[in-house]
Each structure stands twice: as C-alpha cells, then as structure tokens.
Amino acid sequence: MQWHLVLGFVAAITPLTLIPGTSFTLVTQQVIAGSRFDGVRAALGSACGLLVHATFAAVGLSALVMSSARALTTVQLLGGIYLIWLGVTTWRSARRGVEPTTRRRWRLPWARLGGFGQGLWSNVLNPKAASVYLTLVPQFLTSSRPVAPQIATLAIAHIAVVLVWLLFWTSVIAAARTAIDTPRFRRGMSRLAGAVLVALGVRTATAS
C-alpha cells in the first residue's frame, strides 16, 4: 500500500480519535475504579473492537448493516442499551463503593472479561466505529490493488493511533489518581463516568 495514503488516513482519523467518547470514558472509569492495568485492558479491548469492524468491512458485512435501516437500528439500540447498562452499574458502584460485578448475580456473558470485555463490546456495538470503515477508509483505498490487505494496513494504523492516545490518557489518569486518591474523588469520578456513559448510550440508541 502507498504510504502517503496511510499517512493521510492517520491525519484524518487522529482528530476523531482525540474527541472524548465511549473508549475515553471507559478507560477513565476503569483506572479510577481499579488500576492502571484495568485502563490498559479497556484500551486493548477498544482496539480489538476496531479490528472486528475492519474484518467486517473487509468481507462486506458492515456494508450490509449500514445499507439496511433495520439492521443499523438494531445495532444502535444494542449499543445504546449496553452503554446505558455500563453507566448505571458504574453509578451504582460509586454509591456502594464496590465493583458492580462483585455484588450482582446476573452478569452479561462478557462481564468476566472486565475492562477488556467492556472496551471490546462498546466498540463492536458502536455503529459509528463501523461507519469509519465505510465512509472514511474507502477514500484511502486503491482500486487496482486487493482491498483486504489495504483495509488491514489502515486498521493497524487506526489501532495504533487509538492505543497511543488511550494509553497516554491512562497514564495521566493514573498519575492524577495517585496524587488525589480519596474515596470522595473516586466516587465523584465514577458517578461522572456513569453519567457520561448513560448519555452516550442514549445518544447512540436515538441517533438517526
């Protein structure tokens, strides 16, 4: 693949990556409620979620979802409900002072994966992540060459940008937590993260 196209894609995707969203909020919540390692796991999960969308795009499945209003609505609703669930349980964990999954008997199938599972599924169920590979990626493909290897190259670049940003933010939050790690601060940040996740879930579920 021509490297100037990869660099152009990186330049286009970087501003989108820096905008605080679901992955940004999840990493923050994981570090505040757990540790730096929990934030790293959430970042890796988000990156793997992007890899899933890249794979779907390569085989044409994402195009099917985005071309079907019913399928897209289903993905939006599932993603919105999942984010709302994360937000509510995060808020409740702040009130109880414990992790929600340690007190609840009912769990989502991927709850045992912790931060990694949350990061993974928040991106897999995010229609905006899929739209990146259907609207932005095609602009940097060369029709005379096989599409799958090109998408793979752009996906690796995308994941690298996301990981650099999220791991940097993980370090920032971990350092801030060390400086002002009090129960009141942790409760406040968990409540804020929960509220943001609920808002993102409602926006995702109601997006036109």
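So, a few notes on the structure that sits alongside this text. Please read these numbers as outputs of a predicted model, since none were measured by experiment. (Residues numbered from 1 in each chain as written. Predicted model: local features only at pLDDT ≥ 70, side-chain atom pairs only at ≥ 80, totals over all residues. Heavy atoms only, no water.)

Quick look at the nonpolar core
Where a protein is soluble and globular, its nonpolar side chains tend to be buried together.
In step 1: Counting 32 residues, the largest nonpolar core has Phe9, Val27 and Tyr133 as its most contacted members.
In step 2: Every element with two or more residues in this core is listed here: helix H1 (3-18), helix H2 (22-33), helix H3 (36-59), helix H7 (127-136) and helix H8 (147-179).
In step 3: Broken down by element, the residue count for this core peaks at 13 residues, all from H8. (Core = buried A, V, L, I, M, F, W, Y, C linked by side-chain atoms within 4.5 Å. Buried < 20%, exposed > 50% of the residue type's maximum accessible area, 1.4 Å probe, protein only. Helix = DSSP H or I, 4+ residues; strand = E, 2+ residues; numbered from the N terminus.)

Observations regarding the pattern of salt bridges
In a structure, side chains of opposite charge can pair up when their charged atoms sit close to one another.
In step 1: Inspection of the entire model under this criterion finds 1 salt bridge.
In step 2: Where Asp38 meets Arg41, a salt bridge forms, and the shortest distance between an N and an O atom there is 3.0 Å. Separated by 3 residues within a single helix, Asp38 and Arg41 lie in helix H3, roughly one turn from each other.
In step 3: What makes Asp38 buried here is its relative accessible area of 15%. (Salt bridge = Lys/Arg side-chain N within 4 Å of Asp/Glu carboxyl O.)

Focus on the environment of Ala58
In step 1: By the secondary structure assignment, Ala58 is in helix H3.
In step 2: By relative accessible area, which is 35% here, Ala58 ends up partly exposed.
In step 3: Between the alpha carbons of Ala58 and Tyr133 there is a distance of 9.0 Å; along the sequence they are 75 residues apart.

Digging into the packing of aromatic side chains
Ring pairs (aromatic) are described by centroid distance and by the angle formed between their planes.
In step 1: A complete count under the given rule lists 5 aromatic pairs for this structure.
In step 2: Aromatic side chains Phe9 and Phe140 sit 5.7 Å apart centroid to centroid with 75° between the ring planes, which places their arrangement in the edge-to-face category. One end of the pair, Phe9, is in helix H1; the other, Phe140, is in the loop between H7 and H8, and 131 residues separate them in sequence. As far as the burial class goes, Phe9 and Phe140 line up, both buried.
In step 3: Grouping aromatic residues by their ring pairs yields a cluster made of Phe24, Trp165, Phe168 and Trp169. (Phe/Tyr/Trp six-rings, centres within 6.5 Å; stacked < 30°, edge-to-face > 60°.)

A few points about the side chain of Thr28
In step 1: You can see Thr28 is positioned in helix H2.
In step 2: Residue classification places Thr28 among the buried positions, given a relative accessible area of 9%.
In step 3: Among the polar contacts made by the side chain of Thr28, one reaches the side chain of Trp169 at a distance of 2.7 Å. (Polar contact = N/O pair within 3.5 Å; in protein donor to acceptor, adjacent residues only side chain to side chain.)

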